[in-house]
Amino acid sequence: MDDTPCHNGNRPSKSASDISPSDAMDMDTAGCSNGQSERTPKGCSVAQLRKRKRGNSMDDTPCQNDNKPSTSSESGCSVAQLRKRKRGNSMDDTPCQNDNKPSTSSESGCPVAQLEKRNRGIRVLSLFDGISSGFVALQKLGIPVEAYYYSEIDELGLRVAKKHFGDLSHSLGDIRSLTSMKLQCITPIDLVMGGSPCNELSRVNPYRLGLNDPRGSGALFYHFVRVLKELREVNHGTEIFWLFENVRNMNDSYLKEINKHLGKEPVLIDSRMFTAMKRERYFWSNIPGMELLQKNPQDSHPFQLQEFLEKHQNRKAKFSMLNTVTTQPNSLIINGSSPVLMNGQPDRMWMTELEALFGFPRSYTDVGLNDQQRQALLGRAWCVHVIEAILKPLVPLFQKNKRPFLRCLPLLGKKIDSPKDSVDERPESSKKAPGLQRPGDQ
């Protein structure tokens, strides 16, 4: 498997975030950026967030001190910033009781089928968000997104995400700046997902620094653990589903360390079960049913590269699938040969075709970037088809969105403005593949 390490922009500087595994779990979350004691960069003190009754949520916008007089003796934030809002019939905070039925959810002891429907949109925290693959998967599943908070520092990734979801999502900046105070401002959260940079973990990188060297990006994994732990403490009893992803080709010692902190063994999922591209990745999650997606050596490969090529351009695939696509251009070469012929001559994969293979709308990364930059973003991204399959069990818990696809994403220069314009990117043959349903198929 071609597993050229992804070069993620989340690499910390030498002077930042010198943490160890124990430091990350127990670090001080007060945060002081303005010289005032126990204040976050947003200017809210620890005492500024009053305890609130379970079932009520805060405004989506993180509270900020606007220097206006507070009407609460304990709060430096205005009443408007801490107002409670109606969320329909929100989920009962009382933990569901295990009635001796098989459990598939680690936090509550109850499978998804036993959890009460939340009758509202999902509230998401995406860490190492990249180009918002998770948001695309949720939209394609038809799960309405009530709030989507994301942490990302790569400028090109942010450009893509803001173009498509700028008015629907809220940037929280660097994961290292997410304090307990900030997390409390965005609660409740239903889903936490992310995949920390793999460059320092992949065996392909001879200079990898592993998980515990603060000079490398591998140590950012512990911030995922920290954020999840702190969020559980302030989430007002709301069940948190979580998903973590990383590269398969890592040392056993790294794998055991991740397993220890997440409390789970990973599931190995290959994207070739959902698209014409190899991409084996480890996934850890408390979402039930994920083990059913594990690669089976006996399963056939039902998707063909030809089905994803641009139509009416006389383009022919020389191979049935691509190898693992990384940030490097040569990962698109198979046995020294270009995978595509156009008018009988060798041609490279077009970025619109690569986007479709990953499950994105065509032209999704077309935000003024060159092809190498666009491939680098895709090489670090999740395969949307796989994330759809993992998240599909959550669909019954949230209100079904009548519009099954993205609200306003460009598709070959056309915006999707109405349900009749919604486009299913899957090739015709893959929709009917025997013995395998794509996420969203009924």
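Our structure is the block above this text.
Report follows, based on the coordinates. (Residues numbered from 1 in each chain as written. Predicted model: local features only at pLDDT ≥ 70, side-chain atom pairs only at ≥ 80, totals over all residues. Heavy atoms only, no water.)

Remarks on the pairing of strand β7 (residues 280–285)
Then step 1. Among the six residues that make up β7, six are buried, leaving the element largely enclosed by the rest of the structure.
Then step 2. Going residue by residue along β7, you find E280, Y282 and W284 tucked away on one face and R281, F283 and S285 tucked away on the opposite face as well.
Then step 3. Here strand β5 (residues 241–247) runs beside β7; their pairing, made up of five bridges, is antiparallel. When the sheet's bridge partners are listed, L243 is paired in β7 with S285.
Then step 4. Relative to β7, strand β6 (residues 267–270) is paired through four bridges, and the arrangement is antiparallel. Across the sheet, the residue bridging to L268 is Y282, located in β7. (Buried < 20%, exposed > 50% of the residue type's maximum accessible area, 1.4 Å probe, protein only. Helix = DSSP H or I, 4+ residues; strand = E, 2+ residues; numbered from the N terminus. Pairing = 2+ DSSP bridges.)

Some details on helix α2 (residues 133–141)
Then step 1. Extensive coverage of α2 is indicated by the burial of nine of its nine residues.
Then step 2. Of all the residues in α2, the buried ones are S133, G134, F135, V136, A137, L138, Q139, K140 and L141.
Then step 3. Looking at the buried residues of α2, the elements they touch are β1 (122–127), β2 (145–151), α3 (155–165), β3 (169–171), β4 (191–194) and α9 (384–391).
Then step 4. Looking one or two places after α2, you find G142, whose phi comes out positive at around 85°. (Contact = heavy atoms within 4.5 Å.)

A look at the sheet that holds β7
Then step 1. Pairing is mixed in the open sheet, where seven strands are placed in the order β3-β2-β1-β4-β5-β7-β6. At either margin of the open sheet sits one strand with a lone partner, and together these are β3 and β6. Each strand axis lies, on average, 20° off the axis of its neighbour in the sheet, ignoring direction.
Then step 2. Relative to β4, β1 runs parallel, the two being bridged by four bridges. Following the sheet pairing, S126 is matched in β4 by M193. (Axes fitted to C-alpha atoms, helices over the stretch in contact; angles between N-to-C directions.)

Comments concerning the nonpolar core
Then step 1. Within the largest apolar cluster, 63 residues are counted, with the highest numbers of intra-cluster contacts made by L191, I269, L322, L354, F360, I390 and L394.
Then step 2. With six residues, the top contributor of residues to this core is α9.
Then step 3. With near-sequence residues (within four places) excluded, L322 lies in contact with A276, M277, K278, L305, L332, I334, P339, M349, L354 and L357.
Then step 4. Formed by 36 residues, the second largest nonpolar core is a distinct cluster that contains I189, F244, I258 and W284. (Core = buried A, V, L, I, M, F, W, Y, C linked by side-chain atoms within 4.5 Å.)

Brief notes about the packing of α2 against α9
Then step 1. Interhelical geometry of α2 versus α9 gives an angle of 60° and a closest axis separation of 9 Å. The orientation of α2 relative to α9 falls into the category oblique. Crossing angle aside, the handedness with which α2 passes α9 is right-handed. Residues S133, V136, A137, L138, K140 and L141 of α2 touch α9, and the partners they reach there are V384, H385, I387, E388 and L391.
Then step 2. Residue classes in the contact of α2 with α9 are distributed as seven nonpolar, two polar and two charged. (Parallel < 35°, antiparallel > 145°, perpendicular 65-115°, else oblique. Left-handed = near helix turned anticlockwise from the far one by under 90°. Nonpolar A, V, L, I, M, F, W, Y, C, P; charged D, E, K, R; others polar.)

A look at the pattern of salt bridges
Then step 1. One pass over the structure, following the stated rule, counts 15 salt bridges.
Then step 2. Measuring nitrogen to oxygen at the nearest pair gives 2.7 Å for the salt bridge that ties E280 to R248. Here E280 is found in strand β7, whereas its partner R248 is found in the loop between β5 and α6 (252–262), with 32 residues between them in sequence.
Then step 3. Note on E280: relative accessible area 8%, which makes it buried. (Salt bridge = Lys/Arg side-chain N within 4 Å of Asp/Glu carboxyl O.)

By themselves, these are just geometric observations and shouldn't be taken as functional.
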